[in-house]
Amino acid sequence: MNVLPLDDAAADLAVAGGKGASLARLSRAGLPVPPGFHITTDAYRAFTAPFRDRLGAPGTQELFTEHKIPQDLATEILAAYTALGGRDGGDRLDERGGGRDGGGQVAVAVRSSATAEDLPEMSFAGQQDSYLNVRGPDLLDAVRRCWASLWNPRAVAYRERNGVPHDGVALAVVVQEMVDADAAGIMFTADPVTGARGQTVINAAWGLGEAVVGGQVTPDTAVVADGRVSSYIVAEKAVMTVREPEGTRERDVPPERRSLRVLADEEVLRLAELGERIQRLYGTPMDVEWARRGEELFVVQARPITGLAEEVEEWNDSLTGQYLWTSGNLGEAIPDVMTPVTWSLVRLFIREAMSASAIPGYRLVGNIGGRFYLNLSIAISAARAFGMSSRLGAIEQVFGRIPPGLDVPLLPASRWELVKAMLPMAIRLRRRVAANVRRLRPFLATARERCEGLRERAGLIGEPAELARFWEEELRPYVVETCRMLEAAGRQGGAALVMTRDKLREMVGDSDAEAMLTGANADGELASMGPIIGLGKLARGEIDRAEFAAVYGHRGAHEFEVSVPRPGEDPGWIDRQLAEVASGDARDLLARQEEARAAAWARFDHRHPRKGASMRERVARWNAIVRDREDTRSENMRVFWAMRAFVLRAGELTGLGDDVFFLEIDEIVDVLRGGRAPLARIPVRRATYRKYAALPIYPMLIVGPFDPVRWAASPDRRVDLYDARGGQAPPSDTVTGFPGAPGVVEGVARVLTGPEDGERLKAGEILVTTLTNIGWTPMFPRAAAVVTDMGAPLSHASIVARELGIPAVVGTGNATARIHDGDRVRVDGERGSVEVLN
């Protein structure tokens, strides 16, 4: 993957560098970006392979001069350039203000794009080189010089100042058609000096933008606020950058133009509108380079404003001690950076549903950079304290694989201290679970009706104080009841889920064991399968949209996050899913899996003729526990929809609107009763949320203090493990994980970043992604196999894939890093391996 179109979805930070990823995002969003293509980091690595071990040594830049670009790579680059400058492309370029020489060669800008640039707190702006007005055979030399600039003194010094390692850093190159601008400049969607939001500051000068970016000219400065031009200062613009046949150069501005306004008010407002669109796209104030040719405006580059005076909070529980944190299992269901209200409701959920897993004095769950993590050191320390070290494999089946050789930090407490703290809790838990298991069936029988009533009532309450009483007297008690039912459902049967699976694998092998354990959906609808089953019923006319929304509309990819609408609130979501149902009918897959299950049981009866009845009873118990757990979990998600209704109504009654999502639940109740103190925290929390939401998904496992921003800037960042102590084993070049569901299949890999990209997955392709949850379920019937970075045998992807008979490998830790979109791969769900074939 050496060359990609400019708007390619695969052009992310690792592939196209910061500048390239940003331009790809802008282009896909329909912003006026000059067309072009990416020369990826794969191309850089291919070029530097012969002298990679000498990078960073004295004379590094000369190495780039001494080596020629390999012929096949050069051919690929020049082919993309030729496509860019063909007759159609050339005609379009001329109309937009580009240019070609007498031989018909299109002039292009060749820009460096490093993998550690344009991040929220480190822009790397100007550290690597770019070249303008490049034509024809000069392109390859310009590309090579861009690559060499990764090792110029200022780039090296900048990385060292910011603690970015040199090893592994790579450079992509963006090639774009050159806009022969008559004016250009920089736009900030927030005041870069005062940090004031609501103001757009635009710098403008004559000619190309290099004189403004490089500081060779004092530009005009316009300020837009409240939809109007609040000020315009005309500067004495003495020089400008212009195109010449051999490149660009600075030239004196004619005296009569030096004191003229570069932009009319109408153009200033058009630019500000573009800036607003870009800021909405990124969710943060932006630094935008723009150009004008005639009446047309172009966006040349956009990056988050760095160094902006903005107060933020620290959301980082990894700083509380030396622990092993995991985002596996429950973290897969909470894949987003959480708003403060969601985090407060998640803590309530954990306190009531998982209280027995806590140990006084230690945090069971944490917020690390806005994302949910569970403190696995607690579970492992408890297992060892009670002499259950041999059962640590059960933890991996739930939360995912712990890398071999990882020294797991334990709690700083003696075995006796842990037993003394946990034993009374365990006794209370046993009594509470026994009582609540008896109430589970009656609870589930009325839960949907009760919760729908609460959700509807929340939206009708007309007084703030009444809404506060409703939370404390009705909705919160029901939330607590629902959480305790989930605790009971999850605890019944003890370790039956893990032990039954292990016993079957021992008796008949992995493949037959997994087949025999399916069928949870056969004796009653499995909640994780609900969206698939429901969409099928809707497509066949067996239910209508209202019933689908009522029964299944609370389940989705972001079901914990109360700021996100539920599928039941979004008719467009239902339309999009229905459009894909025909390409993968779950009934066919379930019927095929039923045949495989019957065949596996027949083989079991032949091998173990006296154990069939007892094992069937044991597996039926497994399936009942799975259904109870899934049904009760579904009702927990239904109550999160009711809590969303409460929060939305609180925003309406207080006039806060969506600012209400940046208060915690107790603060919302305080404001409903007239309190004003919590409101001062909203701007800071919004800024903090934006900061963390702009970063990629963090590693599944974190040991010790973790800095999300610095990790995101590292070219060596890993999504499987971060260990602050260092010394972890290097990432594997092979893709292996848990056997999620057996079967072997070959096909085209479709690497998706989120369920919103689901329409890109075509029938028969292999779904590769970081994680899945119930929001991904509608895609499964058209996937030939499923491969995930995160996950375990009892995670969502494994359960649903087994029921549908789709091969799956979960918890690989590196699938999205090793497999590229469009690769042909072989997935072996029984061995837990994935092989890239091309």
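So, here's what we can say about the structure.

Reading the values: the criteria
Residues numbered from 1 in each chain as written. Predicted model: local features only at pLDDT ≥ 70, side-chain atom pairs only at ≥ 80, totals over all residues. Heavy atoms only, no water. Helix = DSSP H or I, 4+ residues; strand = E, 2+ residues; numbered from the N terminus. Rg over C-alpha atoms; globule rule 2.2 N^0.38 Å. Buried < 20%, exposed > 50% of the residue type's maximum accessible area, 1.4 Å probe, protein only. Contact = heavy atoms within 4.5 Å. Areas by Shrake-Rupley, 256 points an atom, 1.4 Å probe, with all protein chains shown as cover. Lys, Arg positive; Asp, Glu negative; His and termini not counted. Charge placed at Lys NZ, Arg CZ, Asp CG, Glu CD. Disulfide = S-S within 2.5 Å. Pairing = 2+ DSSP bridges. Axes fitted to C-alpha atoms, helices over the stretch in contact; angles between N-to-C directions. Expected span 1.5 Å × (residues − 1). Phe/Tyr/Trp six-rings, centres within 6.5 Å; stacked < 30°, edge-to-face > 60°. Lys NZ or Arg CZ within 6 Å of the ring centre and 35° of its normal. Salt bridge = Lys/Arg side-chain N within 4 Å of Asp/Glu carboxyl O. Arc of directions from axis to C-beta. Patch = residues over 30% accessible without salt bridge, like charges linked within 9 Å, V, L, I, M, F, W, Y side chains within 5 Å. Polar contact = N/O pair within 3.5 Å; in protein donor to acceptor, adjacent residues only side chain to side chain.

### With respect to the overall build of the protein
Then step 1. Secondary structure assignment for the protein yields 27 helices and 26 strands.
Then step 2. Radius of gyration (C-alpha) of the protein: 29 Å, near the 28 Å computed for a compact globule of 838 residues.
Then step 3. Projecting the C-alpha coordinates of the protein onto the three principal axes gives extents of approximately 95 × 65 × 60 Å.
Then step 4. Within the protein, the fraction of its 838 residues that count as buried is 57%.
Then step 5. Here the contacts in the protein between residues at least 6 apart in sequence split such that 68% fall between residues at least 24 apart.
Then step 6. Total accessible area computed for the protein in this model is approximately 34,100 Å², and 50% of it derives from carbon and sulfur atoms.
Then step 7. Each charge class in the protein was averaged separately, 102 positive and 115 negative side chains, and the resulting centres sit 6 Å apart.

### Digging into the state of the cysteines
Then step 1. Taken as a whole, this structure holds zero disulfides when the rule is applied.
Then step 2. Cysteine Cys451 shares no disulfide, and the gap to the nearest cysteine sulfur, in Cys483, comes to 11 Å.

### Considerations on the sheet that holds strand β6 (residues 183-188)
Each strand in a sheet pairs with its neighbour through backbone hydrogen bonds, running either in the same direction (parallel) or in the opposite one (antiparallel).
Then step 1. The six strands lie next to each other as β9-β8-β7-β6-β12-β13, forming an open sheet whose pairing is antiparallel. The sheet terminates laterally at β9 (228-233) and β13 (296-304), the two strands that pair on one side only. Neighbour-to-neighbour, the strand axes of the sheet open up by a mean angle of 20°, direction not taken into account.
Then step 2. In terms of strand pairing, β6 meets strand β12 (residues 286-293) through six bridges, oriented antiparallel. Residue pairing for β12: Phe188 is matched across the bridge by Asp287.
Then step 3. Contacting β6, β7 (199-206), β8 (220-225), β9, β12 and β13, helix α9 (residues 265-282) runs over the sheet at an angle of about 40° to β13.

### Here we look at helix α22 (residues 612-654)
Then step 1. With 43 residues, α22 extends 63 Å between its outermost C-alpha atoms, agreeing within 8% with the 63 Å of an ideal straight helix rising 1.5 Å per residue.
Then step 2. A positive backbone phi angle near 80° is found at Gly655, which sits one or two residues after α22.

### Concerning the packing of aromatic side chains
Then step 1. According to the stated counting rule, one finds 22 aromatic pairs in the structure shown.
Then step 2. Ring centres of Phe47 and Phe51 lie 5.8 Å apart, and the angle between their planes is 90°; this geometry places the pair in the edge-to-face category. An identical accessibility class is assigned to Phe47 and Phe51; each is buried.
Then step 3. With a centroid separation of 6.1 Å and an interplanar angle of 85°, the aromatic rings of Tyr698 and Trp711 are classed as edge-to-face. Highlighted residues: Tyr698 in the loop between α24 (682-693) and β17 (701-703) and Trp711 in helix α25 (residues 708-713), separated in sequence by 13 residues. Trp711 carries the same exposure label as Tyr698, and that label is buried.
Then step 4. Each residue in the set Tyr44, Phe47, Phe51, Phe64 and Trp147 is aromatic and connected to the rest through ring pairs, giving one cluster.
Then step 5. Taking the ring centre of Phe738 as reference, the NZ or CZ of Arg401 above it sits at 4.4 Å.

### Let's talk about the sheet that holds strand β3 (residues 108-114)
Then step 1. A sheet is described by the order of its strands in space; here five strands give the open sequence β1-β2-β5-β3-β4, paired in antiparallel fashion. With one partner strand each, in any of the chains shown, β1 (3-5) and β4 (130-134) form the two edges of the open sheet. Each strand axis lies, on average, 20° off the axis of its neighbour in the sheet, ignoring direction.
Then step 2. Examined bridge by bridge, β3 and β4 share three bridges and lie antiparallel to one another. Following the sheet pairing, Val108 is matched in β4 by Val134.

### Brief notes about the side chain of His608
Then step 1. Within the element layout of this structure, His608 appears in the loop between α21 (586-607) and α22.
Then step 2. The exposure class assigned to His608 is buried, which follows from its relative accessible area of 19%.
Then step 3. Once you skip the residues sitting within four places of it in the chain, His608 turns out to touch Met507 and Val508.

### Re the pattern of salt bridges
Then step 1. According to the stated counting rule, one finds 49 salt bridges in the structure shown.
Then step 2. A salt bridge links Asp512 to Arg603; its shortest N-O distance comes to 2.8 Å. Of this pair, Asp512 sits in helix α17 (residues 510-517) while Arg603 sits in helix α21; the two residues are 91 residues apart in sequence, bridging distant segments of the chain.
Then step 3. Overall, the relative accessible area of 12% leaves Asp512 in the buried class.
Then step 4. Classification of Arg603 as partly exposed rests on a relative accessible area of 41%.
Then step 5. Here Arg718 and Asp720 are joined by a salt bridge, their closest N and O atoms 2.9 Å apart.
Then step 6. When salt bridges with common partners are traced through the structure, they connect Glu313, Glu667, Arg681 and Arg685 into a single cluster.

### Overview of helix α2 (residues 41-48)
Then step 1. All of the buried residues along α2 are Thr41, Ala43, Tyr44, Phe47 and Thr48. When α2 is viewed along its axis, its buried side chains cluster within an angular range of 155° and face the same direction.
Then step 2. The inward-facing, buried residues of α2 contact α1 (13-28), β2 (36-39), α3 (60-66), α4 (71-84), α6 (138-149) and β5 (171-177).

### Thoughts on a nonpolar patch on the surface
Then step 1. Residues Phe386, Met388, Leu423 and Ile427 make up a contiguous nonpolar surface patch of about 330 Å² in total accessible area.
Then step 2. The residue Phe386 is located in the loop between α12 (376-385) and α13 (392-399) in this model.
Then step 3. Looking at Phe386, the relative accessible area reads 33%, which means it is partly exposed.

### Re the pairing of strand β23 (residues 783-788)
The side chains of a regular strand alternate between the sheet's two faces.
Then step 1. The element β23 is largely enclosed, with a buried count of six among its six residues.
Then step 2. As paired strands, strand β22 (residues 765-769) and β23 are joined by five bridges and run parallel to one another. For Glu765, the partnering residue across the bridge sits in β23 and is Ala783.
Then step 3. Examined bridge by bridge, β23 and strand β24 (residues 808-810) share two bridges and lie parallel to one another. Across the sheet, residue Val787 finds its bridge partner in β24, namely Val809.

### Considerations on unusual backbone geometry
Then step 1. Although it is not a glycine, Asn133 sits at a positive phi angle of roughly 60°.
Then step 2. You can see Asn133 is positioned in strand β4.
Then step 3. Owing to a relative accessible area of 4%, Asn133 belongs among the buried residues under this scheme.
Then step 4. Positive phi is not limited to glycine here, since Asp226 has a value of about 55°.
Then step 5. By the element assignment, Asp226 lies in the loop between β8 and β9.
Then step 6. In this structure Asp226 comes out as exposed when scored by relative accessible area, which is 78%.

### Observations regarding the environment of Asn203
Then step 1. Within the element layout of this structure, Asn203 appears in strand β7.
Then step 2. Judged by its relative accessible area of 14%, Asn203 is buried.
Then step 3. Residues Asn203 and Gly185 lie 18 residues apart in sequence; the distance between their C-alpha atoms is 5.3 Å.
Then step 4. Beyond its immediate stretch of four places on either side in the chain, Asn203 contacts Ala184, Gly185, Ile186, Phe188, Val212, Pro219, Asp220, Thr221 and Trp290.
Then step 5. Polar contacts involving the side chain of Asn203 include one to the side chain of Thr221, which spans 3.2 Å.

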